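These are the residues of each chain, in order.
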Amino acid sequence: MRVPRGEWLRWQVNYRFAARYSANWHYRLDTLNIAYGSVPPDIFLAEPTNVIDERMHLR
């Protein structure tokens, strides 16, 4: 996806990891906010103009 100049993108993805020495699971959510071009300092306080949501249902 290309982000037009002056807009921003929020990308989210989540993970589930098995613990190495136990039966426990570890969960992680990564959120990446990227702006392209000249944008105001508070750009990320508003709703994103573009969204990529790759979060999955994790058990």
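Residues numbered from 1 in each chain as written. Predicted model: local features only at pLDDT ≥ 70, side-chain atom pairs only at ≥ 80, totals over all residues. Heavy atoms only, no water.

Visitor: Is there a simple way to explain the packing of aromatic side chains in this structure?
Guide: In this description, a pair of aromatic rings is defined by centroid distance and the angle of the planes. Per the stated rule, a full pass over the model turns up two aromatic pairs. Ring geometry for Trp-8 and Phe-44: centres 4.9 Å apart, planes at 85°, overall edge-to-face. Of the two residues, Trp-8 sits in strand E1 (residues 8-18) while Phe-44 sits in the loop between strand E2 (25-35) and strand E3 (50-54), which places them 36 residues apart along the sequence. Taking relative accessible area as the criterion, Trp-8 reaches 1% and is therefore assigned buried. Of the residues examined, Phe-44 reaches a relative accessible area of 35% and is grouped as partly exposed. Seen from their ring centres, Tyr-15 and Phe-17 are 5.8 Å apart, and the 25° between their planes marks the pair as stacked. Over the ring of Trp-25 we find Arg-16; its NZ or CZ atom is 3.8 Å from the centre of that ring. (Phe/Tyr/Trp six-rings, centres within 6.5 Å; stacked < 30°, edge-to-face > 60°. Helix = DSSP H or I, 4+ residues; strand = E, 2+ residues; numbered from the N terminus. Buried < 20%, exposed > 50% of the residue type's maximum accessible area, 1.4 Å probe, protein only. Lys NZ or Arg CZ within 6 Å of the ring centre and 35° of its normal.)

Visitor: Would you mind going over the pattern of salt bridges with me for this structure?
Guide: Any two side chains of opposite charge can pair, on the condition that their charged atoms come close. Under the definition given, this model contains two salt bridges. In this structure, the salt-bridge partner of Asp-30 is Arg-28, at a minimum N-O distance of 2.9 Å. Relative accessible area serves as the criterion here: at 44%, Arg-28 is assigned to the partly exposed category. Measuring nitrogen to oxygen at the nearest pair gives 2.7 Å for the salt bridge that ties Asp-53 to Arg-55. We classify Asp-53 as partly exposed; its relative accessible area is 42%. Given a relative accessible area of 42%, Arg-55 falls into the partly exposed group. (Salt bridge = Lys/Arg side-chain N within 4 Å of Asp/Glu carboxyl O.)

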